[in-house]
Structure formats: structure tokens, C-alpha cells
Amino acid sequence: TATMIVLTSSSVAVIFVTSGLVPWSYAVFYFFICLIGAIIGKSQIDGYVKRTGRASILIFILATIIAFATIGCFVIMFIRLADKEWCFDGFNKFCNVETGNLCGITRLLGLKEQK
């Protein structure tokens, strides 16, 4: 399962970098930050579980990360709605490569569409 997560996230990162949506310098920088953080976090948590025998800390950490991510999504949503004067525009049309309407990526990254 961890191998599949690494493979899928790496392939998406490569796609974003090669398509020019993310600069190489950012990708390399954050790759090393995540790698170092993962190594340190894994060794620290493994040491804690071996010392105490309580693997429940893993569930607590995961629940905390999910909770903070959910709260962060709501904060971003409310900030963007406040910037639009609390006006929800509704759902947009599907993107279409043939017509040149690549709105999904530009909306996802918060960029303005070029016409």
C-alpha cells in the first residue's frame, strides 16, 4: 500500500513538473523536505511505539492530520468566498481539450484563464 502511494504521487508530481505547472526548483526542494520529514517521522514514531508498545499513537496522528486538513479546506473555501463577496458562481462547464477550454487546471491552481 505504501509503495502504491509513492508510485501514484510520484507520477502525478512528474506530470505536473513536465507539463510546466510546477517549477523544477519547487519540486526538488519539496521532494527533499518531504523525504527528510518522512525519515525522521518514521524513525521517531517507530521508536516511540517500541518503547511504549502503544501503536494507537498512529491512529491519533492520522486523525489529527485529517482533522487539520479538513479545517484547512474550510478556511480556504471561506476565504475565497469572502473574496468573491460570498457569491457562489455555481458549477462550471466541463473542460474540453478540442475547443481549447482547459479550465479545470487553471481553476485548480487558482490561475486566470487566458483567452
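Scroll up for the structure.
What counts, and where the lines are drawn
- Residues numbered from 1 in each chain as written.
- Predicted model: local features only at pLDDT ≥ 70, side-chain atom pairs only at ≥ 80, totals over all residues.
- Heavy atoms only, no water.
- Helix = DSSP H or I, 4+ residues; strand = E, 2+ residues; numbered from the N terminus.
- Polar contact = N/O pair within 3.5 Å; in protein donor to acceptor, adjacent residues only side chain to side chain.
- Salt bridge = Lys/Arg side-chain N within 4 Å of Asp/Glu carboxyl O.
- Phe/Tyr/Trp six-rings, centres within 6.5 Å; stacked < 30°, edge-to-face > 60°.
- Buried < 20%, exposed > 50% of the residue type's maximum accessible area, 1.4 Å probe, protein only.
- Expected span 1.5 Å × (residues − 1).
- Patch = residues over 30% accessible without salt bridge, like charges linked within 9 Å, V, L, I, M, F, W, Y side chains within 5 Å.
- Areas by Shrake-Rupley, 256 points an atom, 1.4 Å probe, with all protein chains shown as cover.

**Q** Account for the environment of Ser-19, naming residues and giving values.
**A** Tracing the backbone through its elements, the reader meets Ser-19 in the loop between α1 (2-18) and α2 (24-52). A distance of 3.1 Å separates a polar side-chain atom of Ser-19 from the backbone oxygen of Phe-16.

**Q** Can you explain the pattern of salt bridges? Please cite residues and give values.
**A** Scanning the entire structure with this criterion turns up one salt bridge. The shortest N-O distance in the salt bridge between Lys-42 and Asp-46 comes to 3.1 Å. Placement of both Lys-42 and Asp-46 in helix α2 is noted, with a separation of four residues, approximately one turn of the helix.

**Q** Explain the packing of aromatic side chains to me, and be specific about the residues and the numbers.
**A** Scanning the entire structure with this criterion turns up three aromatic pairs. Taking 5.1 Å as the distance between ring centres and 75° as the angle between the ring planes, the aromatic pair formed by Phe-31 and Phe-32 counts as edge-to-face. Where Phe-74 meets Phe-78, the ring centres are 6.4 Å apart and the plane angle is 25°; that geometry is what we call stacked. With a gap of four residues between them, Phe-74 and Phe-78 both fall in helix α3 (residues 56-83), about one helical turn apart. For Phe-74, a relative accessible area of 43% gives the class partly exposed.

**Q** Explain α3 to me, and be specific about the residues and the numbers.
**A** Taking 1.5 Å per residue, 28 residues should reach 40 Å; α3 reaches 41 Å between its end C-alpha atoms and fits that length. One or two positions beyond α3, positive phi appears at Glu-85, with a value near 60°.

**Q** Please give an account of a nonpolar patch on the surface that cites residues and values.
**A** A contiguous nonpolar patch, built from Trp-24, Val-28, Phe-31, Phe-32, Leu-35, Ile-36, Ile-39 and Ile-40 and spanning about 830 Å² of accessible area, is present on the exposed surface. Structurally, Trp-24 can be placed in helix α2.

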